[in-house]
Structure formats: C-alpha cells, structure tokens
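Letter by letter, the chains look like this.
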2 protein chains.
Amino acid sequence: MQPYAELSLEELQELRTQLSAKYREFQLKDLKLNMSRGKPSAEQLDLSMGMMDVLNSDEDLICEDGTDCRNYGVLTGIREAKILIGDMMEVAPENVIIYGNSSLNVMFDTVSRSMTHGVMGCTPWCKLDKVKFLCPVPGYDRHFGITEYFGIEMINVPLLGDGPDMDMVEKLVAEDDSIKGIWCVPKYSNPTGNSYSDQTVRRLARLKPAAPDFRIYWDNAYGIHHLYDHDQDHLIEILAECKRAGNPDMVYKFSSTSKITFPGSGIAAIAASSNNLEDIEKQLKYQTIGHDKVNQLRHVRFFKDIHGMVEHMRRHADILRPKFEAVEETLEEELGGLGIGTWTKPNGGYFISFDSMEGCAKHIVARCKKAGLVMTGAGATFPYGKDPHDSNIRIAPSYPPLDDLKIAMKLFALCVKLVSVEKLIVDKKAAEV
Amino acid sequence: MQPYAELSLEELQELRTQLSAKYREFQLKDLKLNMSRGKPSAEQLDLSMGMMDVLNSDEDLICEDGTDCRNYGVLTGIREAKILIGDMMEVAPENVIIYGNSSLNVMFDTVSRSMTHGVMGCTPWCKLDKVKFLCPVPGYDRHFGITEYFGIEMINVPLLGDGPDMDMVEKLVAEDDSIKGIWCVPKYSNPTGNSYSDQTVRRLARLKPAAPDFRIYWDNAYGIHHLYDHDQDHLIEILAECKRAGNPDMVYKFSSTSKITFPGSGIAAIAASSNNLEDIEKQLKYQTIGHDKVNQLRHVRFFKDIHGMVEHMRRHADILRPKFEAVEETLEEELGGLGIGTWTKPNGGYFISFDSMEGCAKHIVARCKKAGLVMTGAGATFPYGKDPHDSNIRIAPSYPPLDDLKIAMKLFALCVKLVSVEKLIVDKKAAEV
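Residues numbered from 1 in each chain as written. Chains lettered and ligands numbered in written order. Predicted model: local features only at pLDDT ≥ 70, side-chain atom pairs only at ≥ 80, totals over all residues. Heavy atoms only, no water.

(A) Highlighting the overall build of chain A. When helices and strands are counted, chain A shows 13 helices and 13 strands. Here the C-alpha atoms of chain A give a radius of gyration of 23 Å, agreeing with the 22 Å that 2.2 N^0.38 yields for 433 residues. Overall, the C-alpha framework of chain A stretches about 75 × 55 × 35 Å when taken along its three principal axes. Counting contacts in chain A only where the partners sit at least 6 residues apart, residues at least 24 apart contribute 77% of the total. About 16300 Å² of surface is accessible on chain A, with carbon and sulfur atoms providing 49% of the total. Side-chain charges in chain A split into 50 positive and 62 negative, and the spacing between the mean points of these groups amounts to 4 Å. (Helix = DSSP H or I, 4+ residues; strand = E, 2+ residues; numbered from the N terminus. Rg over C-alpha atoms; globule rule 2.2 N^0.38 Å. Contact = heavy atoms within 4.5 Å. Areas by Shrake-Rupley, 256 points an atom, 1.4 Å probe, with all protein chains shown as cover. Lys, Arg positive; Asp, Glu negative; His and termini not counted. Charge placed at Lys NZ, Arg CZ, Asp CG, Glu CD.)

Here it is as structure tokens:
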C-alpha cells in the first residue's frame, strides 16, 4: 500500500469520496457496538459460574483455622485467601491484606488515607500546599480520576515500550519532594498492553525520592492475564526488588480477581511491606470490622490453589486470543503501510493502544460514534482528559462477540482512513497557500 | 431483699466473705465465656444458610432490567436491592445507595469525604481549625472510634430513656458552627436498647444548626430487630420528618443486613435526600466502578421482599428472646432490690445496658475477666473510652448458647455484688474516720 502522505491532493480527494461512501453504508446498518471499557464478555463470565455452586447449605463455611466465615471479624482476610492471592501477586501471605470487591476502591482509600493521615508518620497531604503524582501516559483513566478528585497535580511522563521514561522519573522524584507517587500498570499495561522491562523495574526500585512518603502505586491488574501459553511477559516482583534495593517501604501493590471471576463480585487486595501494612491497619480497624469472608472462602474453594487459577486463566485466554488477533489482523489489512497509525501487539491484558496522526483521535472517535460504535473517549488515557497530541485511542476487544468485533474494527479502520485523509487534504491545501 | 446501703459494716464484711467464696468457686470452673460484642450466634447464622443456595450455576444472575450482575457497573446498586433495602429503611428506592458489606465503612467514608471535600459545597473539615460531634452517651464505641480517628472533638450528651438530652442538643448546635454532626442509634440503641420517642425525633428534625453542613448520622442498625411480635418500638421516619420540618438535607441514614443475614457478608446502604446523594455520588464515581451486585441479587432472591425479611427476623427473635429474658431474670433475681445497679429492658436490638454504682464498672469487668467471662470493656460506651461515672457496662447476650449465658450472668451478678460490697465497705470506713 502507498502511504497516504505520498498521495497528491487530487488522489486524496478522490479517496475521501470513496471512503465517505463506505462510511455512509456503515451508518445505514444501524450498528450498536461498544468497545469503550475493558469488560469481560458473557462467555468469559460463564467460565466462573461454578463458583456459585461451591458454597451451599450442605457445606460448612468454616476456615481451616476454625473461623466461621459467616460472622464478624478477621480484619485483614482469611488465611487461605491470603495464600491464594499471595501466590497470585507473587508475595508472601503475610504481606497481603484482603479487601472488598474493588482494587480501585483500595487505591482510592490509600490516597484518601494519605490525605487525611499521611504516610507512615509524614505530614498528611491535606496539610501541604502542593502534592503531585507522576502519570505515565497513556495510562488508566480511573487512576487519573482519583488523583484529580483529591486535587493532586498530575505530571505526564511518557510511557515508552519498556515502561515510563526512567531518566525523567529519576530526575523528577529526586528533585521535588512534593511528588508523592507514580501510577504504574506494569504488566500488559492499560492501554498499551506492553510490560515494564527488567531494567525499568530495577530503576524504579532504586529510586531516590526526595519525599520519604513517595510510593510506587503498582496496579498489577493483569498479572496472570496472558493471551498465550508461552509468549508471556515476565515482570520482576517489585516488593522483593524494592527490598533488595534498600527501599522496602516504597511500593504499594494492588490486585484483584475482577477479570478472573466476576468484576464487581471478586476480591481485591493490597500487598506491601510490614511497615506499610501496619500503617494501613491503623486506618482499617476504624473503617470496618472486616471484609466479605464468605466471598473470600468462595474464591478459595472454587480455585483450590494458584494452579487452579492459572488453568482458569487459560480458558479466558482461549476466548480473548481470537479477539485480539482479529483486531490486529484488521488493523494490518486495512491500515498496514498507509502511515496513518501505529498500534501495539500485546501478549496479554485487555487493551490494544492505537496512535493516529497528530490531531486526529477525537475526530476518529466521534466518527465511530456517529456510525454506532462507542470507543473509549479520546484523551481518556491522559490526565485531565487531555492528550497533547490528540492521537491515542484505546481499543478494548474483550466485550463484543467476535463477529461484532470484526465489523467494529472494519468501521474503526475506515474512520481512521477518512479522518486521516481529511487532515492530509487540509494540510496540503494549507501548504499550497 | 434489703438494699446493701442499709447494711452495717459488719454485715457487709460478712457478705464479702460469702461472696468471695462463691467467686473462688467460679474461678475453679475454668470458664471461657464471651459477651463482649453484639455477634449473632451460630444458630442465628444457620437461619440464612438457604441464601447460599439461591444463586447457583442453573440460575441466571440477571436483574429484572436485564443487567448482568456478573459484570462491571451499576454504581449505586441494582434496582431490586434498592426496593428491598428501601422498604427495610422505610424510604423510597430513589433515596438509597447500596454499598458493600459494612455500614460502618459507609459511615467512615462519609466522615472521610467530609474531611477532604466538605459537605455539599461547604469547606472541607480538614481545612477547619476545629470540628466537633455530639455523642449521646452511652453509645456505640465504633462510632466514637471513627470521629476520634479523624481528630474530631467529641462532646458527651446524656442519652435519656427517650433519646439524647434535646435541650442540650438544641442549644449546642444553634450556638456552635464547629458542631458538624451527632451520632444516633435511634432504635433499640447500642447499648441501652431504648428507642427515641416521637418527640425526640421531631425535635431533632427541627434543629436549627449554626453549621449548614451539620448532619444527623442516623445509624438505624436495629430497625427491624424486634424481640416481640407486638411489643415493638416504633420510630418516626427521619428523612420524611426532616423534609416536613424544612430540613430535607440534614440527615444521613445508615443501615445494613449484617444482623439479618451474615455479618461481614451482607449489604449496607445509605439513605438521604437527593441533594445529599448527588454530593455522595461525586465521590463514589471515583471510588469504585460498583459494589457487589451478585451479593445484592443473592439477598433479593433469598428474601423476595420485605415481608420475607420480616418473617426471617421473627426466627432471629425466637432465638434471641429467651437470651434477653434469661439476662433480665438473673439480674432481677440476683440484684433486684439491692440498690447496687439498674438495667434496661429493651424490646429489640442486641444489648442490655447495666449501670452499677459510681466507680464500680471497671472493677466489675475486671473481676468477670479473672473468672473467665469477657465483657465489653468498661468505658467503651463513651468517647475516648472514658465513662465519667465509671458505671456503664454493655451486656451482649446474643452470642453464647443459652446455658452458657445463664452461667455468665450468674457470674456477672456475683461480680457486681462483690465489687459493690467492697466499695460500700471502703465508703463506710471513710465515713467513720
């Protein structure tokens, strides 16, 4: 295929006419497609229906240590859930606190507690003039939502193929003691699907932050969410690496079973050093008498152990893989060689990240919407919803059935072409003036 | 029985010898009894085991409006849960937000949000020099724990038989705009078991607080937790009464199914005016994608409707009633007419409140402990753990089996007698000097 940039104005105008005709055909189909969020499909949810059977009135709801899960108590989670989730998070059960149904809520709480009570004896952030977070971009909109809600200033840091721009991160955290955190989705990142390299993790663990209460917010949401059995990304375990680097308290690690069992009805957890956990428990004991132990027990009885969970994730992969491959094939077929977009090819997670020509993303998403396809809003992957290049679009292939997804991606590619051609025409005309 | 105060020094000393001998007999029994918390008994928990069967892999997990409860979304709770919990809380479903498993956590969040973001546009409390709460005493220790955690100054207000001392409440909230809330357990109060009178609720709804962000924290934890079928306390519904009084936004109402199904695995909720709910949702949308809808659906399918829930509560009452009656009988038999203690006779809830002679509560609880009976710590029913008269002891009859409870109450009464006699001896000797 000839790159669009090499076409003449007349060729571009002719192309626009053809693409517009195709676009109108799509509009007549009255499509209602949604690729906006990283939601599992109904088929994936069916994989966990057996979890509804493991606890019933013929079973006891008693832990191995004799605790009756039906009653009050056990603030930090039942032992067998800590072992299972610890194995999932690659940490010892002693370093885990099991929470409720949402790791987002745990992150919110973590920031909220730092605002009102500070981190391990440091000044509460609400008493400081300025608090800042580093935000590798593109990133997860709900992370940026939490920091924005608390009035925390967000600083964009480019997310490269192997993680955040570490030169920039190292410099900023060493210089500025108002920088209190960095949001990280280290594995199969939201939205790029890329993972941090060993080198990146090592440099993060070795940071020398000016602020003693600086923490890495390590949202390992896709830790075991591989698409392939052998082509799996591997991440150095951050708690152990921070410990080895002499920074044992510098990281909070978050995870949940949301995309393993049922989103919204899973279990979430934080893992951290014993110093951090002690600090957290000072809040936790006032906050609740305990989280949902019955649901913790339900998860343990369903999976039995980490091997059971990993086998379960293979079944998710079998459903997700063809969807990711369909997206990649369509993008390659439709856009390959045209020079109007690039995209990632992840080995896991829930997203593919697409970068259009500068200044096109909003128009592309709007075009998709007018033909019945809802994508994640352009800009959502950046703090304050502002993509400085207006080029990043997050593709979430998981939710629609495969046939719908193929139609959706054809439409998406068409919108990319149409908007790109329109931009090139405007640019060419401007250059002629 | 002759009141102890009328006994001579010699009679008291003789009595002490007898009581001490009995106490030593108890000590030899090696008892391990716990009446410290308002926990349902295993027999009560068994009542809800059927809830483990209503959702299974043969059932769909779909709401009446088509929502798949297994997936993300529905921030404020599924419609049918709002109807059920609305009926339980005596408010319209539109005024309800369903949360996770813990109403304590909802209260914590409510205070935390007020600290960081303020209430409906008012200054965040963390920016104020001083924030105060009124605390009717005796009250619930975990309420006082939350306000203490956030550095909120607590002001004791006497809890009379028909609710807080309203003359004092009216005066204080009208004068002092740093008073931002009052903790209330209006029905079958923790720990007295008494309920607020109609007059008290009307006066609360008509308060004229100096602070626009003053709120009544209405923890209706025992709204349908009656012991009897006819002798039931009735409470004027506070949201409607505040609306009628022209103070529609002045109250947050909290409740949960903790003592209806499984504590820690139930569902909690807040009810409030639409203005308050809008304010709360501004936080909620950053805090979580949604609470556990599967558990909401489980509760709805189990109870079907409020009548089902009320019938379920009759079965709880059948288990609890003999325990409350056993406590009252023992207290009457052992302590009636002695003039060394008074106690409440509630129609519902989880507690009986005992008041010893001044300066005796700590000693009584300590004596109980040394003979193998753990009571709620003396002072726990007051802010900062400080009972100015050292007289209030919370009795929680729900958890031990009936036979154990009878032994425990015999021991308790013995400890009351022994400590009272010792105090009277000291007093008499001091008077002689």
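(B) Expanded view of the interface of chain A and chain B. Counting from both sides, the interface comprises 59 residues of chain A and, opposite them, 59 residues of chain B. Of the roughly 4900 Å² buried at the junction of chain A and chain B (both faces included), carbon and sulfur atoms supply 53%. For chain A, the biggest contributors to the area lost against chain B are Arg70, Tyr72 and Tyr149 of chain A; these three give 17% of the whole. Here chain A is connected to chain B by two salt bridges. Between Asp46 of chain A and Arg70 of chain B there is a salt bridge, with its nearest N and O atoms 2.7 Å apart. The interface formed by chain A and chain B holds 21 residue pairs in polar contact (both at pLDDT 80 or more) in total. Element by element, the count of residues in the side of chain A that touches chain B is highest for helix H4 (residues 103–117) of chain A, at nine residues. (Buried area = accessible area lost by both parts, 1.4 Å probe. Salt bridge = Lys/Arg side-chain N within 4 Å of Asp/Glu carboxyl O. Polar contact = N/O pair within 3.5 Å; in protein donor to acceptor, adjacent residues only side chain to side chain.)

(C) Layout of the pairing of strand E8 (residues 251–256) of chain B. Residue and element names in this part refer to chain B. E8 sits mainly inside the fold: six of its six residues count as buried. Going residue by residue along E8, you find Val251, Lys253 and Ser255 tucked away on one face and Tyr252, Phe254 and Ser256 tucked away on the opposite face as well. Of the strand pairs in this sheet, strand E7 (residues 215–219) and E8 are connected by four bridges, and their pairing is parallel. Looking across to E8, one finds that Tyr217 is bridged to Tyr252. (Buried < 20%, exposed > 50% of the residue type's maximum accessible area, 1.4 Å probe, protein only. Pairing = 2+ DSSP bridges.)

(D) Molecular detail of the sheet that holds strand E10 (residues 341–343) of chain A. Residue and element names in this part refer to chain A. Read across the sheet, three strands follow the order E10-E11-E13 without closing on themselves; strand pairing throughout is antiparallel. With one partner strand each, in any of the chains shown, E10 and strand E13 (392–395) form the two edges of the open sheet. Direction aside, the axes of adjacent strands within the sheet are offset by 20° on average. Bridge analysis of E10 against strand E11 (residues 352–356) gives three bridges, and the strand direction is antiparallel. Residue Trp343 lies in a different strand from E11, and its bridge partner there is Phe354. In this fold helix H12 (residues 361–370) packs onto E11 and E13, with an angle of close to 40° to the strand it touches most, E13. (Axes fitted to C-alpha atoms, helices over the stretch in contact; angles between N-to-C directions.)

(E) Spotlight on the environment of Ile407 of chain B. All names here are of chain B. As for its position among the elements, Ile407 is in helix H13 (residues 402–432). Residue Ile407 is classed as partly exposed on the basis of its relative accessible area, which comes to 34%. Each C-alpha atom, one on Ile407 and one on Leu33, is 9.0 Å from the other, the two residues being 374 residues apart in sequence. Filtering out sequence-adjacent residues up to four positions away, Ile407 remains in contact with Phe26, Leu31 and Leu33.

(F) Local environment of the packing of aromatic side chains. Residues and elements named next belong to chain A. Counted under the stated rule, the structure contains 34 aromatic pairs over all chains. Residues Phe108 and Phe150 carry aromatic rings whose centres are separated by 5.1 Å and whose planes lie at 55° to one another, so their mutual orientation is tilted. Pair noted here: Phe108 is in helix H4 and Phe150 is in the loop between helix H5 (141–149) and strand E4 (153–160), with a separation of 42 residues, a long-range link. Overall, Phe150 belongs to the buried group, its relative accessible area being 7%. Ring-pair connections join several aromatic residues into one group, and the members of that group are Trp125, Phe133, Trp183, Tyr217, Tyr252 and Phe254. (Phe/Tyr/Trp six-rings, centres within 6.5 Å; stacked < 30°, edge-to-face > 60°.)

(G) Quick peek at the pairing of strand E7 (residues 215–219) of chain A. Residue and element names in this part refer to chain A. Of all the five residues making up E7, five are buried; the element is thus mostly covered by neighbouring parts of the structure. Here E7 shows two buried faces, one formed by Arg215, Tyr217 and Asp219 and the other by Ile216 and Trp218. For strand E6 (residues 179–184) and E7, the ladder comprises four bridges, and the chain directions are parallel. Within the sheet, the bridge partner assigned to Trp183 lies in E7 and is Tyr217. Taken together, E6, helix H7 (residues 198–205) and E7 constitute a β-α-β crossover, and its handedness is right-handed. This β-α-β element, E7 to helix H8 (residues 238–244) to strand E8 (residues 251–256), shows right-handed connectivity. (Right-handed = clockwise from strand over helix to strand, strands pointing away.)

(H) Seen up close, the relation of the copies chain A and chain B. Rotating chain A by 180° and moving it 0.0 Å along the rotation axis overlays it on chain B with an RMSD of 0.0 Å. The superposition operator between the copies reduces to a two-fold rotation axis. (Least-squares fit on C-alpha atoms with pLDDT ≥ 70 in both.)

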